[in-house]
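Next come the chains, spelled out residue by residue.
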Amino acid sequence: MTRADRIAALKAAAQERVLVLDGSWGVMIQREDLSEEDFRGERFAGHNHPQKGNNDLLILTRPDIIADLHDRYYAAGADISETNTFSSTSIGQADYGLESAVRDLNFEGARIAREVADRWTEKEPHKPRFVAGSIGPTNRTLSISPDVNDPGYRALTFDEVYAAYREQARALHEGGVDIFLVETIFDTLNAKAAIKAILDLQDEGYEPLPLWISGTITDRSGRTLSGQTAEAFWHSVRHAKPFAIGLNCALGADLMRPYIAELSRIADTLVAAFPNAGLPNAMGQYEEQPHETAHFIEEWAKSGLVNIVGGCCGTTPEHIACVAREVAGVPPRAVPERPVALRLSGLEPFEVGA
């Protein structure tokens, strides 16, 4: 199956059913109880920075673990699995002194996921599996100063963030992803750098791929970290004509629901959501059980709010299996036709003419 065939199959599947994304990678990797040597492998045995906790590096040093996790999520019923590349930019890998490994991380992460997805598609051709290239927010923000004494200071420029995303997106594309997933967005300006980097690949002759944009509402204020409401966030990125818009992380499904409902009302594209398994306890552990998460998401689906669902922090293959069972047979959300209007945004949305 060519990539064009896969993209056509993805769009067709989204019209037929609620699609299912995989769950958390971090919690599953933590369960492996890996050592510093596991993270380093032979290639980075002599590297002068500690690597334990650099989960993306396992793509190169323990690809068996990464392939197995893709396999487990597809077996649980996921239609889409993300590459393990959330922090695979030169900005994210600078903390580990591994900027030079960024291309390999993304290319190999995509290649591993592609191989597992293709194997499942061959085994179950009625349910093709897809790969989403995970592009995280980086650990820097373009909209907020990290120095309380200097509000105008920025740790990086827009051009620097753009260049980091361009490098990542190019390697993910070459590795074989079907979708670009710009996720866990807490700063819309960072997201705009990623969006531009992805769209600009077409100028280099790369085949355009579907774009999925997923923000994060950081607390009960109902806003991103850079201050936008869900509707203002949508107004800020809708020019990219994404395949899907949605939210992930920070909140559990019960607290996320009103913001997903808002996006469902206003977005003239697919709506996606992958919440945490509730909120963490005092020890940072997620206690929401698979059937509890699935119960919330089933209600979203039956209320016509979503087209793609999955799990974020704390969710496991067991959570995804429960979610997949609960949304099976539920019709996907109907994408609304919105009236033509001037829609702008700052922290709040602004609309004229609707």
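Scroll up to find the structure.
Here the structure is a predicted model, which means the values were calculated and not measured.

J.: For this particular structure, what's the right way to read the packing of aromatic side chains?
T.: Two aromatic rings, taken as a pair, are described by how far apart their centres are and by the angle between their planes. Going through the model one piece at a time under the given rule, you end up with 2 aromatic pairs. With centroids separated by 6.4 Å and ring planes inclined at 45°, the aromatic side chains of Trp25 and Tyr73 adopt a geometry described as tilted. Linking Trp25 in the loop between strand 1 (19-20) and helix 2 (26-30) with Tyr73 in helix 5 (residues 63-76), this pair joins segments that are 48 residues apart in sequence. The exposure class of Trp25 is buried, given its relative accessible area of 9%. What makes Tyr73 buried here is its relative accessible area of 0%. Arranged with centres 5.9 Å apart and planes meeting at 75°, the rings of Trp212 and Phe274 form a pair that is edge-to-face. Of this pair, Trp212 sits in strand 5 (residues 211-215) while Phe274 is found in strand 7 (residues 270-276), placing the two residues 62 residues apart along the sequence. Lys123 extends its terminal NZ or CZ atom over the ring of Trp120, reaching a point 3.7 Å from the ring centre.

J.: Please clarify how the pattern of salt bridges should be interpreted in this entry.
T.: It is possible for side chains bearing opposite charge to pair when their charged atoms get close. What the rule picks out here adds up to 23 salt bridges. Residues Lys127 and Asp79 are paired through a salt bridge, measuring 2.8 Å at the closest nitrogen-oxygen approach. Taken as a pair, Lys127 in the loop between helix 7 (102-123) and strand 3 (130-135) and Asp79 in the loop between helix 5 and strand 2 (80-82) lie far apart in primary sequence, 48 residues in all. The exposure classification of Lys127 matches that of Asp79, with both residues buried. Residue Glu298 pairs with Lys302 through a salt bridge whose shortest N-O separation is 2.8 Å. One end of the pair is Glu298 and the other is Lys302, both in helix 12 (residues 290-302) and 4 residues apart, which spans about a single turn. One network of salt bridges, in which partners are shared, links Arg6, Arg114, Asp118 and Asp178.

J.: Mind showing me how you'd approach the packing of helix 10 (residues 230-237) against helix 11 (residues 253-266) here?
T.: A pair of packed helices is characterised by two quantities: the angle between their axes and the separation of those axes. Relative orientation of the contacting elements helix 10 and helix 11 amounts to 45°, with a least axis distance of 9 Å. As summarised for this structure, helix 10 and helix 11 are arranged oblique, according to the angle between their axes. In this structure, the crossing between helix 10 and helix 11 has a hand that is right-handed. On helix 11, the residues touching Ala230, Glu231 and Trp234 of helix 10 are Tyr259, Glu262, Leu263, Arg265 and Ile266. Taken together, the residues of the contact of helix 10 with helix 11 sort by class into 5 nonpolar, no polar and 3 charged.

J.: Where do I start with the nonpolar core in this structure?
T.: Nonpolar side chains in soluble globular proteins tend to be buried together. In terms of nonpolar packing, the biggest core is built from 87 residues, with Phe180, Ile260, Trp300 and Val306 touching the most fellow members. The next biggest cluster of nonpolar side chains, apart from the first, holds 19 residues, and it includes Leu19, Ala244, Leu270 and Phe274.

J.: Please clarify how the environment of Thr121 should be interpreted in this entry.
T.: Along the chain, Thr121 falls in helix 7. Residues Thr121 and Met1, 120 residues apart in the sequence, show an inter-C-alpha distance of 9.4 Å. Excluding residues that lie within four positions of it along the chain, Thr121 makes contacts with Met1, Pro128 and Arg129.

J.: What is the right way to read the pairing of strand 4 (residues 179-185) from this model?
T.: The side chains of a regular strand alternate, first on one face of the sheet and then on the other. When you tally the buried positions in strand 4, you get 7 out of 7 residues, the bulk of the element. Relative to strand 4, strand 3 is paired through 4 bridges, and the arrangement is parallel. Bridge assignment links Gly133 to a residue of strand 4, and that residue is Phe180. You can see the chain leave strand 3, run along helix 8 (residues 158-175) and come back into strand 4, and the turn it takes is right-handed. Bridge analysis of strand 4 against strand 5 gives 4 bridges, and the strand direction is parallel. Looking at strand 5, one finds that Val182 is bridged to Ile213. Handedness of the crossover joining strand 4 and strand 5 through helix 9 (residues 188-200) is recorded here as right-handed.

J.: I would appreciate a short explanation of the state of the cysteines in the present structure.
T.: Here a disulfide denotes one covalent bond, and it connects the sulfur atoms of two cysteines. A full pass over the atoms with the stated rule returns 0 disulfides. Between Cys312, a cysteine without a disulfide, and Cys249, which holds the nearest cysteine sulfur, the sulfur-to-sulfur distance is 4.0 Å. Here Cys313 stays unpaired: no disulfide links it, and the sulfur of Cys249, its closest cysteine neighbor, is 3.7 Å away.

The rules behind these values
Residues numbered from 1 in each chain as written. Predicted model: local features only at pLDDT ≥ 70, side-chain atom pairs only at ≥ 80, totals over all residues. Heavy atoms only, no water. Phe/Tyr/Trp six-rings, centres within 6.5 Å; stacked < 30°, edge-to-face > 60°. Helix = DSSP H or I, 4+ residues; strand = E, 2+ residues; numbered from the N terminus. Buried < 20%, exposed > 50% of the residue type's maximum accessible area, 1.4 Å probe, protein only. Lys NZ or Arg CZ within 6 Å of the ring centre and 35° of its normal. Salt bridge = Lys/Arg side-chain N within 4 Å of Asp/Glu carboxyl O. Axes fitted to C-alpha atoms, helices over the stretch in contact; angles between N-to-C directions. Parallel < 35°, antiparallel > 145°, perpendicular 65-115°, else oblique. Left-handed = near helix turned anticlockwise from the far one by under 90°. Contact = heavy atoms within 4.5 Å. Nonpolar A, V, L, I, M, F, W, Y, C, P; charged D, E, K, R; others polar. Core = buried A, V, L, I, M, F, W, Y, C linked by side-chain atoms within 4.5 Å. Pairing = 2+ DSSP bridges. Right-handed = clockwise from strand over helix to strand, strands pointing away. Disulfide = S-S within 2.5 Å.

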